[in-house]
Structures are given as structure tokens and as C-alpha cells.
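Spelled out, the chains give:
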Amino acid sequence: MKKFIWSLLALGLLLSPNVFAQDAKFCVNLDDRWGNNCGSSDSLSIKVTNQCNQRVYVKMCLEKKNGNWSCGSDSTLDPGETNNGFYTCHATGDYRWSACTGGYNECGFKNPR
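In this report, we go over the structure that sits alongside the text. (Residues numbered from 1 in each chain as written. Predicted model: local features only at pLDDT ≥ 70, side-chain atom pairs only at ≥ 80, totals over all residues. Heavy atoms only, no water.)

Some details on the overall build of the protein
The line we're drawing: Under the scheme used here, helices are H or I runs from DSSP no shorter than 4 residues and strands are E runs no shorter than 2 residues, and both carry numbers assigned from the N terminus. Exposed residues in this analysis have more than 50% of their type's maximum accessible area, buried residues have under 20%, and partly exposed residues fall in between, with area computed by a 1.4 Å probe over protein chains only. The contact criterion used is simple: two residues touch if any of their non-hydrogen atoms lie within 4.5 Å. To be clear on the numbers: accessible area is Shrake-Rupley with a 1.4 Å probe, and residue cover counts the displayed protein chains and nothing else.
Across its full length, the protein holds two helices and six strands. N-terminal to C-terminal, the α/β element order of the protein is α-β-β-β-β-β-β-α. Looking at the 113 residues of the protein, the share that counts as buried comes to 31%. Long-range pairs, those at least 24 residues apart, make up 60% of the contacts in the protein between residues at least 6 apart in sequence. Carbon and sulfur atoms make up 49% of the accessible area of the protein, which amounts to about 7300 Å² in all.

Written out as C-alpha cells, the structure is:
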């Protein structure tokens, strides 16, 4: 009987949507643009559009020419919505991003160094 109960608990844990966040990178669209911010041609902005069928958490980090990273996130990007707010001045063009359905802890995205 104990094995049966443990099996049910394990199955419930595996099927729980909060345990493993779905990787949403496959249904999030990125559109990068140069020179739209800061009055500078070397500014980089990333427009993020959620084409998934559920709300996603998006984290974006853009590298600056001084080696620092400018990071931001949107935890409430609903289906069909767009976030135009990810940008940095004096960008290198390198950026890292993650999108998932479960929030920051579930995405496993660490800030670049």
C-alpha cells in the first residue's frame, strides 16, 4: 500500500504545472532594432511578442560596450502582447534571454557576468 501511495504522489508531482515550467522560447518572437533609443545609433532595443497560448515570463539581458549587462523582465506577458521596453544604450549587440511559463525561479535564467 505504501508503494501505491508513493507512486501516486510521484505521479502528481510530475504532472503538476508548477514543478517544471514549460520552455516558451519556441513561441516568443524577438525583433531587434538599432538606434531607436538614447539618441544614439549604438542603442539596441528588443521587442518581445508573446505568440504562446498562455502567459509567459521573459527575462532579457543586453550587453553594454563597457562590459556591463542591462537586464529586465516581464512576468505578465499575456498571449498576443508585446513588450517594447527592453533596451540599452551603447550596446555590443550581444544579448541573452529566456522565456517560460513558470516565472523566474522555474526559468533557471542566471544573469550573465
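After that view of the structure, there is still more to cover.
Side note on the environment of Phe-86
Residue position: Phe-86 is located in strand 5 (residues 82–88). What makes Phe-86 buried here is its relative accessible area of 5%. Spatially, the C-alpha atom of Phe-86 lies 8.2 Å from that of Val-48, the residues being 38 residues apart in sequence.

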